[in-house]
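# A structural walkthrough
Take a look at the letters that make up each chain.
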Amino acid sequence: MKTHTIELNEKELKLLMSILEEAEDVRSSMGCNDPYDEEEKIFTKNERIKMQKSMYDENQLDDEEIDGYLSNNQYVQFIIDKINSQIVRLKKKC
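What comes next is a walk through the structure. What you are looking at is a predicted structure, and each value in this text was computed from that prediction instead of being measured. Residue numbering note: each chain is counted from 1, following its sequence as written. Given that this is a predicted model, residues contribute local features only at a pLDDT of at least 70 and side-chain atom pairs are listed and counted only at 80 or more, while totals for whole chains, interfaces and linings are drawn from all residues. Heavy atoms throughout the structure, all of them, feed into the side-chain values; hydrogens and water do not.

What follows concerns helix α1 (residues 10-28). With 19 residues, α1 extends 27 Å between its outermost C-alpha atoms, agreeing within 8% with the 27 Å of an ideal straight helix rising 1.5 Å per residue. Residue exposure (1.4 Å probe, protein chains only): buried if accessible area is under 20% of the type maximum, exposed if over 50%, otherwise partly exposed. Secondary structure follows DSSP: runs of H or I at least 4 residues long count as helices, runs of E at least 2 residues long count as strands, and numbering of each begins at the N terminus. For α1, the set of buried residues is Leu13, Met17, Leu20, Glu24 and Arg27. Along α1, the residues classed as buried sweep out an arc of 90 degrees about the axis, all on the same side. Away from its buried face, by an angle of more than 90 degrees, α1 presents the exposed residues Lys11, Lys14, Leu15 and Glu22. Where α1 is buried, its residues meet α2 (37-40) and α4 (72-93). Two to three positions downstream of the cap, the backbone nitrogen of Lys11 sits 3.0 Å from a side-chain oxygen, assigning the N-cap of α1 to Asn9. To estimate how far a helix should extend, the number of its residues minus one is multiplied by 1.5 Å. The directions from the helix axis to the C-beta atoms are what the arc is built from. Should any heavy atoms of two residues lie within 4.5 Å, those residues are counted as being in contact. Two N or O atoms form a polar contact when they lie within 3.5 Å of each other; inside protein one atom must be a possible hydrogen donor and the other a possible acceptor, and for residues adjacent in sequence the pair counts only when both atoms belong to side chains.

This is the structure we're talking about:
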């Protein structure tokens, strides 16, 4: 899969993360947390299963819960986690 690199300075990154964290908070507070169709369609079921596994320790989910279903706030949380993991890796290199 093609990857993209986005360069942000510290302030831009802080803004992006605050927007994402607000979106995750708003979505998790909704009465209905069903995934948005357009977001769910971006990823295959296997990709969503990998996303689920990356978000939880193996002990937190049993095999029945690893089904590729992500609530709407989990898509945002996945992106936040992905950005944070890349920031950590970059800091370790420096």
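Here we take up the packing of aromatic side chains. For Phe, Tyr and Trp, where Trp contributes only its six-membered ring, two rings pair if their centres lie within 6.5 Å, and the inter-plane angle classes them as stacked under 30 degrees, edge-to-face over 60, or tilted in between. The tally for this structure, following the rule as stated, stands at one aromatic pair. Aromatic pair Phe43 and Tyr75: ring centres 6.2 Å apart, planes at 25 degrees, arrangement stacked. Placement of the pair is Phe43 in the loop between α2 and α3 (45-55) and Tyr75 in helix α4, with a sequence separation of 32 residues. Relative accessible area serves as the criterion here: at 6%, Tyr75 is assigned to the buried category.

This part covers the environment of Glu7. Note on placement: Glu7 falls in the segment before α1. The exposed category is assigned to Glu7, whose relative accessible area is 75%. For Glu7 and Lys41, which are 34 residues apart along the polypeptide, the C-alpha to C-alpha distance reads 27 Å.

The axes are straight lines fitted to the C-alpha atoms, using for helices just the contacting stretch, and the angles between their N-to-C directions are given from 0 to 180°. Running from N to C, α1 and α4 point in directions that differ by 155 degrees, and their axes come no closer than 8 Å. Here α4 runs roughly antiparallel to α1, going by the angle between their axes. The chirality of how α1 crosses α4 is left-handed. Between α1 and α4, the contacting residues are Leu13, Leu16, Met17, Leu20, Glu21, Ala23, Glu24, Arg27 and Ser28 on the first element and Asn72, Asn73, Val76, Gln77, Ile79, Ile80, Ile83, Asn84 and Ile87 on the second. A breakdown of the residues in the contact of α1 with α4 according to their chemical character gives ten nonpolar, five polar and three charged. Under this scheme an angle from 65 to 115 degrees is roughly perpendicular, one under 35 degrees roughly parallel, and one over 145 degrees roughly antiparallel; angles in between are oblique. In this scheme the handedness of a crossing depends on how the near helix is turned from the far one: anticlockwise by less than a right angle means left-handed, clockwise means right-handed. Residues are grouped as follows: Ala, Val, Leu, Ile, Met, Phe, Trp, Tyr, Cys and Pro are nonpolar; Asp, Glu, Lys and Arg are charged; every other residue, Gly included, is polar.

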